[in-house]
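Examining the three-dimensional arrangement
Chain by chain, the residues run as shown.
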Amino acid sequence: MSYLLGAFIFGLLSTCLQWEGAQCLPGYNLTVPPEVRVQEGFCVVIPCKFTYPASTDTSGVELHGYWYTVGSSTSDYAVASNDRRKYIEYFARTRFLLSGDLEQGDCSLTINDARKSSDERAYYFRIEKGTIRFSYSDLPTLVKVAEKPEIQIPGKLRAGHPVNISCTTPGSCSSQVGLTWGGVSVANTSRTTSEQTNEIKVYSTFIPSIADHGQNLICNASYNQGTHPVQTEERIQLDVSYPPMLWFSGIIERPGESQRNFTEVSHIEVQEGDSITLFCRIKSNPSANAAWVTKSKKTTGWQSSRTNILTISNVKLADKKGYKCRASNTEGETDATFQLYVAYSPRPCEQNNSRCWRDGNGFQCNCSICSYPASRIQWQVNGKNLEGNDSNETMKATFWNKTEEAISTLYLTGDLDGEQHIVCLGTNPSGQIPLKFFVASSGDSLKRNLISGVLGALVMLAVVILIVIIVVLISRSITASRSLIWTKATALLKIKRSLTNSSTKSPTTPKSCITHLSTLVN
(Lines give C-alpha, C1' and ligand atoms only; values in the text may rest on other atoms or scores of the structure.)
Protein backbone atom coordinates (compact mmCIF):
# COMPACT_ATOMS: atom_id res chain seq x y z
CA MET A 1 0.00 0.00 0.00
CA SER A 2 2.76 2.43 0.92
CA TYR A 3 4.53 1.54 -2.28
CA LEU A 4 1.48 2.44 -4.40
CA LEU A 5 1.07 5.77 -2.58
CA GLY A 6 4.72 6.64 -3.14
CA ALA A 7 4.48 5.78 -6.81
CA PHE A 8 1.41 8.03 -7.23
CA ILE A 9 3.09 10.97 -5.55
CA PHE A 10 6.24 10.52 -7.65
CA GLY A 11 4.16 10.36 -10.83
CA LEU A 12 2.22 13.51 -9.90
CA LEU A 13 5.48 15.31 -9.10
CA SER A 14 6.99 14.30 -12.43
CA THR A 15 3.91 15.48 -14.32
CA CYS A 16 3.95 18.85 -12.50
CA LEU A 17 7.63 19.40 -13.18
CA GLN A 18 7.27 18.53 -16.85
CA TRP A 19 4.28 20.85 -17.33
CA GLU A 20 5.75 24.03 -18.82
CA GLY A 21 4.67 27.08 -16.92
CA ALA A 22 3.66 25.21 -13.83
CA GLN A 23 5.12 26.20 -10.48
CA CYS A 24 3.14 23.91 -8.33
CA LEU A 25 6.08 23.21 -6.04
CA PRO A 26 7.71 25.79 -3.84
CA GLY A 27 11.32 26.75 -4.43
CA TYR A 28 11.08 27.45 -8.17
CA ASN A 29 11.61 31.20 -8.46
CA LEU A 30 12.82 33.50 -11.26
CA THR A 31 13.82 37.17 -11.14
CA VAL A 32 13.92 38.81 -14.53
CA PRO A 33 12.78 42.23 -15.81
CA PRO A 34 9.48 42.07 -17.67
CA GLU A 35 10.97 44.26 -20.42
CA VAL A 36 14.39 45.35 -21.62
CA ARG A 37 15.30 47.84 -24.32
CA VAL A 38 18.31 47.78 -26.57
CA GLN A 39 19.54 50.08 -29.33
CA GLU A 40 19.64 48.37 -32.69
CA GLY A 41 23.16 47.18 -33.39
CA PHE A 42 24.13 47.38 -29.73
CA CYS A 43 24.34 44.59 -27.17
CA VAL A 44 22.21 44.07 -24.07
CA VAL A 45 22.31 41.82 -21.03
CA ILE A 46 19.00 40.54 -19.64
CA PRO A 47 19.74 40.01 -15.91
CA CYS A 48 18.26 36.76 -14.64
CA LYS A 49 18.29 34.90 -11.29
CA PHE A 50 16.64 31.58 -10.60
CA THR A 51 16.22 28.96 -7.88
CA TYR A 52 14.96 25.38 -7.71
CA PRO A 53 14.40 23.10 -4.69
CA ALA A 54 17.64 21.61 -3.40
CA SER A 55 15.77 18.44 -2.43
CA THR A 56 15.26 17.67 -6.09
CA ASP A 57 18.90 18.17 -6.95
CA THR A 58 20.64 15.24 -8.52
CA SER A 59 24.32 15.15 -7.70
CA GLY A 60 26.76 14.56 -10.47
CA VAL A 61 24.33 15.57 -13.21
CA GLU A 62 25.02 18.70 -15.28
CA LEU A 63 22.54 21.56 -15.00
CA HIS A 64 21.39 22.85 -18.37
CA GLY A 65 19.62 26.15 -19.05
CA TYR A 66 17.68 27.17 -22.12
CA TRP A 67 16.18 30.38 -23.46
CA TYR A 68 13.21 30.01 -25.78
CA THR A 69 10.99 32.41 -27.66
CA VAL A 70 7.45 32.68 -26.30
CA GLY A 71 5.00 31.07 -28.71
CA SER A 72 7.60 28.92 -30.39
CA SER A 73 5.99 26.03 -32.25
CA THR A 74 8.60 23.59 -31.04
CA SER A 75 10.92 23.22 -28.09
CA ASP A 76 13.54 21.60 -30.26
CA TYR A 77 15.19 24.96 -30.99
CA ALA A 78 16.38 27.37 -28.35
CA VAL A 79 17.93 30.80 -28.82
CA ALA A 80 20.69 30.21 -26.25
CA SER A 81 21.83 27.29 -24.07
CA ASN A 82 24.84 25.77 -22.40
CA ASP A 83 23.74 22.40 -23.79
CA ARG A 84 25.90 21.83 -26.83
CA ARG A 85 23.52 19.22 -28.15
CA LYS A 86 20.67 21.71 -28.37
CA TYR A 87 19.73 23.18 -31.72
CA ILE A 88 19.91 27.01 -31.81
CA GLU A 89 17.55 29.18 -33.83
CA TYR A 90 19.21 30.42 -36.99
CA PHE A 91 18.62 34.14 -36.29
CA ALA A 92 20.19 33.78 -32.82
CA ARG A 93 23.31 31.84 -33.67
CA THR A 94 26.56 33.54 -32.64
CA ARG A 95 24.63 36.50 -31.22
CA PHE A 96 22.61 35.11 -28.29
CA LEU A 97 24.58 33.81 -25.33
CA LEU A 98 23.59 32.26 -21.99
CA SER A 99 26.21 34.31 -20.19
CA GLY A 100 25.21 33.63 -16.56
CA ASP A 101 26.76 30.97 -14.26
CA LEU A 102 23.92 28.50 -13.78
CA GLU A 103 25.60 26.84 -10.80
CA GLN A 104 25.41 30.24 -9.07
CA GLY A 105 21.75 30.72 -10.01
CA ASP A 106 22.57 33.24 -12.75
CA CYS A 107 20.59 32.75 -15.96
CA SER A 108 21.47 36.09 -17.62
CA LEU A 109 21.08 36.29 -21.41
CA THR A 110 23.35 38.45 -23.62
CA ILE A 111 22.19 39.61 -27.05
CA ASN A 112 24.81 41.07 -29.38
CA ASP A 113 24.18 43.20 -32.47
CA ALA A 114 20.47 43.46 -31.67
CA ARG A 115 18.15 43.40 -34.66
CA LYS A 116 14.65 44.77 -34.58
CA SER A 117 13.36 42.55 -37.35
CA SER A 118 14.21 39.26 -35.58
CA ASP A 119 15.04 39.93 -31.93
CA GLU A 120 12.08 42.03 -30.81
CA ARG A 121 9.95 39.40 -29.06
CA ALA A 122 9.36 37.74 -25.66
CA TYR A 123 11.63 35.05 -24.21
CA TYR A 124 11.42 32.65 -21.26
CA PHE A 125 13.92 30.49 -19.36
CA ARG A 126 13.92 26.71 -18.70
CA ILE A 127 16.14 24.35 -16.68
CA GLU A 128 16.83 20.65 -17.03
CA LYS A 129 18.87 18.47 -14.68
CA GLY A 130 18.41 14.76 -14.49
CA THR A 131 14.73 14.23 -13.83
CA ILE A 132 14.10 17.97 -13.37
CA ARG A 133 12.25 19.58 -16.24
CA PHE A 134 10.94 23.05 -15.43
CA SER A 135 10.03 26.10 -17.57
CA TYR A 136 9.60 29.57 -16.04
CA SER A 137 7.26 30.42 -18.89
CA ASP A 138 4.88 32.44 -16.75
CA LEU A 139 7.71 34.98 -16.22
CA PRO A 140 8.75 35.97 -19.74
CA THR A 141 10.81 39.04 -20.60
CA LEU A 142 10.08 41.24 -23.59
CA VAL A 143 12.99 42.57 -25.65
CA LYS A 144 12.28 45.84 -27.46
CA VAL A 145 14.76 47.06 -30.05
CA ALA A 146 14.95 50.80 -30.59
CA GLU A 147 15.86 51.83 -34.10
CA LYS A 148 17.11 55.28 -33.07
CA PRO A 149 17.81 57.34 -29.98
CA GLU A 150 14.88 59.37 -28.65
CA ILE A 151 15.01 63.17 -28.58
CA GLN A 152 12.80 65.09 -26.17
CA ILE A 153 12.03 68.79 -26.75
CA PRO A 154 9.68 70.37 -24.20
CA GLY A 155 7.03 72.57 -25.78
CA LYS A 156 7.36 75.20 -28.48
CA LEU A 157 10.69 76.51 -29.73
CA ARG A 158 10.94 80.31 -29.84
CA ALA A 159 13.94 82.21 -31.17
CA GLY A 160 16.09 83.49 -28.33
CA HIS A 161 14.32 81.51 -25.61
CA PRO A 162 16.48 78.74 -24.03
CA VAL A 163 15.06 75.25 -23.50
CA ASN A 164 16.39 72.05 -21.93
CA ILE A 165 16.55 69.18 -24.41
CA SER A 166 17.52 65.55 -23.87
CA CYS A 167 18.42 62.45 -25.83
CA THR A 168 17.93 58.92 -24.53
CA THR A 169 19.23 55.57 -25.70
CA PRO A 170 18.94 52.14 -24.08
CA GLY A 171 21.99 51.00 -22.18
CA SER A 172 24.38 48.39 -23.36
CA CYS A 173 26.30 45.44 -22.06
CA SER A 174 29.29 47.74 -22.40
CA SER A 175 29.92 51.20 -21.06
CA GLN A 176 31.36 52.23 -24.43
CA VAL A 177 28.21 54.05 -25.53
CA GLY A 178 28.47 57.65 -26.65
CA LEU A 179 25.68 60.21 -27.06
CA THR A 180 26.51 63.42 -28.89
CA TRP A 181 24.55 66.30 -30.43
CA GLY A 182 24.88 67.53 -33.98
CA GLY A 183 23.27 69.94 -36.40
CA VAL A 184 22.98 72.87 -33.98
CA SER A 185 24.95 74.35 -31.11
CA VAL A 186 24.10 73.30 -27.55
CA ALA A 187 25.62 74.10 -24.17
CA ASN A 188 25.85 72.77 -20.62
CA THR A 189 25.68 69.09 -21.58
CA SER A 190 25.44 66.49 -18.81
CA ARG A 191 24.99 62.70 -18.85
CA THR A 192 23.14 60.24 -16.62
CA THR A 193 22.87 56.45 -16.58
CA SER A 194 19.95 54.58 -15.01
CA GLU A 195 20.48 50.96 -14.03
CA GLN A 196 16.81 50.60 -13.17
CA THR A 197 15.59 51.55 -16.65
CA ASN A 198 18.82 50.62 -18.47
CA GLU A 199 18.93 54.04 -20.11
CA ILE A 200 21.66 56.53 -20.94
CA LYS A 201 20.54 60.14 -21.27
CA VAL A 202 22.23 63.44 -22.09
CA TYR A 203 20.78 66.82 -21.14
CA SER A 204 21.71 70.12 -22.82
CA THR A 205 20.65 73.75 -23.02
CA PHE A 206 19.56 74.87 -26.44
CA ILE A 207 18.93 78.50 -27.43
CA PRO A 208 17.16 78.37 -30.80
CA SER A 209 17.84 81.11 -33.34
CA ILE A 210 16.13 82.15 -36.55
CA ALA A 211 18.90 80.37 -38.46
CA ASP A 212 17.98 77.10 -36.70
CA HIS A 213 14.46 77.06 -38.15
CA GLY A 214 14.17 74.13 -40.56
CA GLN A 215 17.55 72.73 -39.50
CA ASN A 216 18.02 69.23 -38.10
CA LEU A 217 18.72 68.55 -34.44
CA ILE A 218 20.76 65.33 -34.42
CA CYS A 219 21.44 62.93 -31.58
CA ASN A 220 24.14 60.42 -32.44
CA ALA A 221 24.47 57.18 -30.45
CA SER A 222 27.70 55.26 -30.95
CA TYR A 223 28.81 51.88 -29.65
CA ASN A 224 32.41 50.89 -30.04
CA GLN A 225 33.39 47.44 -28.88
CA GLY A 226 35.99 45.43 -30.65
CA THR A 227 36.54 46.01 -34.34
CA HIS A 228 32.93 46.74 -35.29
CA PRO A 229 31.92 50.25 -34.20
CA VAL A 230 28.19 50.95 -34.56
CA GLN A 231 26.52 54.32 -34.97
CA THR A 232 22.90 55.34 -35.23
CA GLU A 233 21.24 58.71 -35.04
CA GLU A 234 17.91 60.47 -34.68
CA ARG A 235 17.07 63.66 -36.59
CA ILE A 236 14.33 66.14 -35.80
CA GLN A 237 13.61 69.10 -38.07
CA LEU A 238 13.26 72.15 -35.88
CA ASP A 239 10.23 74.40 -35.96
CA VAL A 240 11.42 77.71 -34.46
CA SER A 241 8.94 80.56 -34.10
CA TYR A 242 10.27 84.08 -34.68
CA PRO A 243 8.92 87.57 -35.44
CA PRO A 244 8.82 88.89 -39.02
CA MET A 245 12.02 89.73 -40.89
CA LEU A 246 11.63 92.30 -43.67
CA TRP A 247 13.69 93.12 -46.73
CA PHE A 248 13.06 95.03 -49.95
CA SER A 249 13.15 94.50 -53.68
CA GLY A 250 11.87 96.53 -56.56
CA ILE A 251 11.84 97.70 -60.17
CA ILE A 252 13.11 101.02 -61.58
CA GLU A 253 11.78 102.22 -64.91
CA ARG A 254 13.49 105.13 -66.71
CA PRO A 255 12.14 106.69 -69.91
CA GLY A 256 14.03 105.39 -72.92
CA GLU A 257 15.80 102.63 -70.97
CA SER A 258 15.05 99.04 -69.97
CA GLN A 259 13.79 98.42 -66.45
CA ARG A 260 16.26 97.59 -63.70
CA ASN A 261 15.58 95.16 -60.84
CA PHE A 262 17.08 95.30 -57.36
CA THR A 263 16.74 93.16 -54.22
CA GLU A 264 17.88 92.98 -50.60
CA VAL A 265 18.81 96.64 -50.31
CA SER A 266 17.63 99.22 -47.77
CA HIS A 267 18.03 102.25 -50.05
CA ILE A 268 18.21 103.15 -53.72
CA GLU A 269 19.08 106.18 -55.83
CA VAL A 270 16.83 107.28 -58.69
CA GLN A 271 16.56 110.30 -60.93
CA GLU A 272 13.72 112.76 -61.25
CA GLY A 273 11.21 111.41 -63.75
CA ASP A 274 11.89 107.74 -62.97
CA SER A 275 9.12 105.38 -61.84
CA ILE A 276 9.74 102.87 -59.06
CA THR A 277 7.83 99.88 -57.69
CA LEU A 278 8.81 98.74 -54.19
CA PHE A 279 8.05 95.31 -52.71
CA CYS A 280 8.19 94.74 -48.97
CA ARG A 281 9.24 91.10 -48.57
CA ILE A 282 8.69 89.08 -45.41
CA LYS A 283 10.06 86.00 -43.70
CA SER A 284 8.46 84.81 -40.47
CA ASN A 285 7.21 81.85 -38.49
CA PRO A 286 4.27 81.73 -38.14
CA SER A 287 3.34 83.55 -41.32
CA ALA A 288 2.56 87.27 -41.36
CA ASN A 289 1.36 89.92 -43.79
CA ALA A 290 3.46 92.95 -44.71
CA ALA A 291 2.09 96.40 -45.60
CA TRP A 292 3.46 99.87 -46.31
CA VAL A 293 2.43 102.44 -43.72
CA THR A 294 2.44 106.23 -43.83
CA LYS A 295 1.84 108.95 -41.28
CA SER A 296 -1.56 110.57 -41.63
CA LYS A 297 -1.91 114.34 -41.36
CA LYS A 298 -5.55 114.04 -40.32
CA THR A 299 -5.15 111.44 -37.59
CA THR A 300 -2.34 110.56 -35.24
CA GLY A 301 -0.34 107.41 -35.80
CA TRP A 302 0.38 105.38 -38.90
CA GLN A 303 -2.05 104.43 -41.65
CA SER A 304 -1.64 101.06 -43.40
CA SER A 305 -1.84 100.68 -47.16
CA ARG A 306 -2.93 97.04 -46.67
CA THR A 307 -0.52 95.91 -49.38
CA ASN A 308 3.18 95.19 -49.63
CA ILE A 309 3.53 96.96 -53.00
CA LEU A 310 4.30 100.69 -53.27
CA THR A 311 4.42 102.44 -56.66
CA ILE A 312 5.81 105.95 -57.25
CA SER A 313 5.39 107.28 -60.78
CA ASN A 314 7.35 110.20 -62.23
CA VAL A 315 9.57 110.63 -59.18
CA LYS A 316 10.05 114.17 -57.92
CA LEU A 317 12.52 115.64 -55.48
CA ALA A 318 9.71 115.79 -52.90
CA ASP A 319 9.51 111.96 -53.02
CA LYS A 320 12.96 111.81 -51.41
CA LYS A 321 12.28 110.27 -47.97
CA GLY A 322 11.98 107.04 -46.00
CA TYR A 323 9.10 104.64 -46.61
CA LYS A 324 8.11 102.35 -43.75
CA CYS A 325 6.86 98.76 -44.00
CA ARG A 326 5.34 96.88 -41.07
CA ALA A 327 4.46 93.23 -40.34
CA SER A 328 3.38 91.30 -37.26
CA ASN A 329 2.65 87.77 -36.09
CA THR A 330 2.20 86.05 -32.73
CA GLU A 331 5.90 86.50 -31.98
CA GLY A 332 5.99 90.27 -32.43
CA GLU A 333 5.89 93.25 -34.76
CA THR A 334 8.66 94.48 -37.05
CA ASP A 335 9.19 97.80 -38.86
CA ALA A 336 11.68 98.42 -41.65
CA THR A 337 12.36 101.63 -43.56
CA PHE A 338 13.38 101.92 -47.19
CA GLN A 339 15.21 105.14 -48.03
CA LEU A 340 14.60 106.63 -51.46
CA TYR A 341 17.25 109.09 -52.66
CA VAL A 342 16.59 111.32 -55.65
CA ALA A 343 19.66 112.52 -57.54
CA TYR A 344 19.84 116.28 -58.21
CA SER A 345 22.48 118.79 -59.22
CA PRO A 346 24.35 121.03 -56.75
CA ARG A 347 22.53 124.06 -55.35
CA PRO A 348 22.80 126.35 -52.31
CA CYS A 349 21.28 124.76 -49.23
CA GLU A 350 18.07 126.20 -47.85
CA GLN A 351 19.75 127.51 -44.70
CA ASN A 352 22.25 129.40 -46.95
CA ASN A 353 25.27 129.30 -44.67
CA SER A 354 27.66 130.39 -47.42
CA ARG A 355 29.42 133.69 -46.61
CA CYS A 356 32.80 135.35 -45.91
CA TRP A 357 33.85 137.51 -42.94
CA ARG A 358 36.97 139.05 -41.44
CA ASP A 359 38.75 136.78 -38.97
CA GLY A 360 41.75 138.38 -37.24
CA ASN A 361 44.41 139.16 -39.83
CA GLY A 362 42.60 137.30 -42.55
CA PHE A 363 39.27 136.09 -43.84
CA GLN A 364 37.16 132.98 -43.31
CA CYS A 365 34.66 131.72 -45.85
CA ASN A 366 32.04 129.02 -45.43
CA CYS A 367 30.54 127.21 -48.41
CA SER A 368 27.49 124.94 -48.03
CA ILE A 369 26.19 123.12 -51.11
CA CYS A 370 23.36 120.59 -51.23
CA SER A 371 23.05 117.84 -53.84
CA TYR A 372 22.70 114.11 -54.19
CA PRO A 373 25.08 112.50 -54.32
CA ALA A 374 27.01 114.93 -52.15
CA SER A 375 29.18 117.40 -54.03
CA ARG A 376 32.92 117.70 -54.27
CA ILE A 377 33.96 121.24 -53.28
CA GLN A 378 36.86 123.12 -54.84
CA TRP A 379 38.02 126.62 -53.85
CA GLN A 380 39.36 128.98 -56.49
CA VAL A 381 41.17 132.00 -55.06
CA ASN A 382 42.74 134.46 -57.49
CA GLY A 383 43.50 131.65 -59.93
CA LYS A 384 44.71 129.16 -57.29
CA ASN A 385 42.81 125.94 -56.52
CA LEU A 386 42.33 124.23 -53.19
CA GLU A 387 40.25 121.10 -52.62
CA GLY A 388 39.34 118.79 -49.73
CA ASN A 389 41.49 119.12 -46.63
CA ASP A 390 44.44 120.97 -48.07
CA SER A 391 46.57 124.04 -47.36
CA ASN A 392 49.43 126.19 -48.59
CA GLU A 393 51.26 129.29 -47.31
CA THR A 394 48.23 131.60 -47.24
CA MET A 395 45.21 129.28 -47.55
CA LYS A 396 43.77 126.34 -45.71
CA ALA A 397 40.61 124.36 -46.55
CA THR A 398 38.69 121.85 -44.46
CA PHE A 399 35.91 119.65 -45.80
CA TRP A 400 33.20 117.34 -44.45
CA ASN A 401 29.84 116.20 -45.70
CA LYS A 402 26.54 114.82 -44.52
CA THR A 403 24.12 112.74 -46.59
CA GLU A 404 23.33 115.55 -49.05
CA GLU A 405 25.16 118.61 -47.72
CA ALA A 406 28.82 119.25 -48.51
CA ILE A 407 30.51 121.85 -46.28
CA SER A 408 33.92 123.45 -46.70
CA THR A 409 35.67 126.26 -44.82
CA LEU A 410 38.42 128.39 -46.34
CA TYR A 411 40.91 130.36 -44.23
CA LEU A 412 42.88 133.21 -45.87
CA THR A 413 45.90 134.62 -44.04
CA GLY A 414 49.07 136.59 -44.80
CA ASP A 415 49.49 139.78 -46.81
CA LEU A 416 46.10 140.36 -48.40
CA ASP A 417 46.55 143.30 -50.77
CA GLY A 418 43.74 144.41 -52.98
CA GLU A 419 40.57 142.56 -53.80
CA GLN A 420 40.22 138.79 -53.31
CA HIS A 421 38.04 137.01 -55.86
CA ILE A 422 36.90 133.70 -54.35
CA VAL A 423 34.78 130.98 -55.95
CA CYS A 424 33.37 127.90 -54.22
CA LEU A 425 32.71 125.30 -56.95
CA GLY A 426 30.40 122.37 -56.08
CA THR A 427 30.38 119.41 -58.48
CA ASN A 428 28.55 116.06 -58.65
CA PRO A 429 27.59 113.75 -61.57
CA SER A 430 24.46 115.81 -62.27
CA GLY A 431 26.25 119.15 -62.69
CA GLN A 432 28.05 121.95 -60.87
CA ILE A 433 27.44 125.35 -59.33
CA PRO A 434 29.85 128.23 -58.59
CA LEU A 435 29.27 130.42 -55.52
CA LYS A 436 31.21 133.71 -55.86
CA PHE A 437 32.58 135.77 -52.96
CA PHE A 438 34.37 139.16 -52.97
CA VAL A 439 36.55 140.46 -50.14
CA ALA A 440 39.14 143.25 -49.90
CA SER A 441 42.09 144.06 -47.67
CA SER A 442 41.65 146.63 -44.83
CA GLY A 443 43.21 149.70 -46.77
CA ASP A 444 41.08 149.20 -49.81
CA SER A 445 38.11 148.72 -47.58
CA LEU A 446 38.71 152.09 -45.85
CA LYS A 447 39.01 153.96 -49.18
CA ARG A 448 35.92 152.26 -50.46
CA ASN A 449 34.04 153.17 -47.31
CA LEU A 450 35.14 156.85 -47.56
CA ILE A 451 34.12 157.08 -51.20
CA SER A 452 30.85 155.41 -50.44
CA GLY A 453 30.27 157.89 -47.57
CA VAL A 454 30.99 160.97 -49.71
CA LEU A 455 28.83 159.71 -52.53
CA GLY A 456 26.09 158.97 -50.09
CA ALA A 457 26.27 162.47 -48.59
CA LEU A 458 26.14 164.11 -52.03
CA VAL A 459 23.17 162.03 -53.01
CA MET A 460 21.37 162.96 -49.81
CA LEU A 461 22.13 166.68 -50.35
CA ALA A 462 20.79 166.55 -53.89
CA VAL A 463 17.65 164.89 -52.68
CA VAL A 464 17.12 167.58 -50.02
CA ILE A 465 17.64 170.44 -52.53
CA LEU A 466 15.22 168.85 -54.95
CA ILE A 467 12.61 168.52 -52.24
CA VAL A 468 13.02 172.24 -51.26
CA ILE A 469 12.62 173.39 -54.88
CA ILE A 470 9.50 171.34 -55.31
CA VAL A 471 8.00 172.74 -52.10
CA VAL A 472 8.72 176.38 -53.14
CA LEU A 473 7.22 175.92 -56.57
CA ILE A 474 4.11 174.34 -55.13
CA SER A 475 3.78 177.18 -52.57
CA ARG A 476 4.04 179.90 -55.25
CA SER A 477 1.50 178.19 -57.44
CA ILE A 478 -1.00 178.02 -54.60
CA THR A 479 -0.50 181.77 -53.74
CA ALA A 480 -1.06 182.87 -57.37
CA SER A 481 -4.21 180.83 -57.63
CA ARG A 482 -5.63 182.38 -54.48
CA SER A 483 -4.90 185.99 -55.74
CA LEU A 484 -6.66 185.38 -59.04
CA ILE A 485 -9.69 183.97 -57.37
CA TRP A 486 -9.86 186.98 -54.99
CA THR A 487 -9.67 189.46 -57.91
CA LYS A 488 -12.46 187.74 -59.83
CA ALA A 489 -14.64 187.58 -56.77
CA THR A 490 -14.20 191.34 -56.13
CA ALA A 491 -15.10 192.21 -59.73
CA LEU A 492 -18.22 190.10 -59.59
CA LEU A 493 -19.28 191.83 -56.42
CA LYS A 494 -18.95 195.23 -58.05
CA ILE A 495 -20.96 194.16 -61.11
CA LYS A 496 -23.66 192.79 -58.90
CA ARG A 497 -24.01 196.09 -57.13
CA SER A 498 -24.06 198.00 -60.44
CA LEU A 499 -26.80 195.80 -61.83
CA THR A 500 -28.81 196.21 -58.73
CA ASN A 501 -28.73 199.95 -58.99
CA SER A 502 -29.60 199.91 -62.70
CA SER A 503 -32.54 197.62 -62.16
CA THR A 504 -34.17 200.15 -60.00
CA LYS A 505 -34.03 202.70 -62.77
CA SER A 506 -34.74 200.44 -65.75
CA PRO A 507 -36.57 197.20 -65.80
CA THR A 508 -34.42 195.81 -68.58
CA THR A 509 -30.72 195.02 -68.17
CA PRO A 510 -28.70 196.28 -71.09
CA LYS A 511 -27.09 193.63 -73.32
CA SER A 512 -23.69 195.20 -72.97
CA CYS A 513 -23.76 194.68 -69.25
CA ILE A 514 -24.41 191.01 -69.56
CA THR A 515 -21.54 190.61 -71.98
CA HIS A 516 -19.21 192.40 -69.63
CA LEU A 517 -20.29 190.17 -66.75
CA SER A 518 -19.56 187.02 -68.73
CA THR A 519 -16.11 188.29 -69.55
CA LEU A 520 -15.33 188.95 -65.91
CA VAL A 521 -16.51 185.58 -64.84
CA ASN A 522 -14.39 183.85 -67.42
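Cut-offs and rules
Residues numbered from 1 in each chain as written. Predicted model: local features only at pLDDT ≥ 70, side-chain atom pairs only at ≥ 80, totals over all residues. Heavy atoms only, no water. Pairing = 2+ DSSP bridges. Helix = DSSP H or I, 4+ residues; strand = E, 2+ residues; numbered from the N terminus. Axes fitted to C-alpha atoms, helices over the stretch in contact; angles between N-to-C directions. Phe/Tyr/Trp six-rings, centres within 6.5 Å; stacked < 30°, edge-to-face > 60°. Buried < 20%, exposed > 50% of the residue type's maximum accessible area, 1.4 Å probe, protein only. Lys NZ or Arg CZ within 6 Å of the ring centre and 35° of its normal. Disulfide = S-S within 2.5 Å. Salt bridge = Lys/Arg side-chain N within 4 Å of Asp/Glu carboxyl O.

1. Thoughts on the sheet that holds strand E9 (residues 96-98)
- Strand order across the open sheet formed by three strands is E3-E10-E9, with antiparallel pairing between neighbours. The sheet terminates laterally at strand E3 (44-46) and E9, the two strands that pair on one side only. Mean inter-strand twist for the sheet, computed between neighbouring axes without regard to direction, equals 20°.

2. A few points about the packing of aromatic side chains
- Counted according to the given criterion, the structure contains 17 aromatic pairs.
- A centroid spacing of 4.7 Å and a plane angle of 5° characterise the contact between Tyr341 and Tyr372, whose relative ring orientation is stacked. Taken together, the positions of Tyr341 in strand E30 (residues 332-348) and Tyr372 in strand E32 (residues 362-372) put the pair 31 residues apart, joining distant regions of the chain.
- For Tyr372, a relative accessible area of 12% puts it in the buried group.
- Of the aromatic side chains, those joined through ring pairs into one cluster are Tyr28, Phe50, Tyr52, Trp67, Phe125, Phe134 and Tyr136.
- Directly above the aromatic system of Phe91 lies the positively charged group of Arg121, at a separation of 4.6 Å from the ring centroid.

3. Overview of the sheet that holds strand E20 (residues 216-223)
- Strand order in this open sheet of three strands is E17-E20-E21, and the pairing throughout is antiparallel. Among the strands making up the open sheet, the edge pair consists of strand E17 (177-182) and strand E21 (230-237). Neighbour-to-neighbour, the strand axes of the sheet open up by a mean angle of 15°, direction not taken into account.
- When E17 meets E20, the two strands line up antiparallel, connected through six bridges. Of the residues in E20, the one forming a bridge with Thr180 is Asn220.

4. Points about the state of the cysteines
- On inspection of all chains with the given rule, the structure shows six disulfides.
- A disulfide bridge connects Cys167 with Cys219, and the sulfur atoms are separated by 1.8 Å. Its S-S torsion of approximately -95° makes the covalent link between Cys167 and Cys219 left-handed. Here the residue Cys167 occupies a position in strand E16 (residues 163-170), and Cys219 occupies one in strand E20, the gap between them amounting to 52 residues.

5. Some details on the pattern of salt bridges
- The full count for this structure, using the stated rule, is 16 salt bridges.
- The closest approach of N and O atoms between Glu128 and Arg126, which form a salt bridge, is 3.0 Å.
- The network of salt bridges with shared partners includes Arg126, Glu128 and Arg133.

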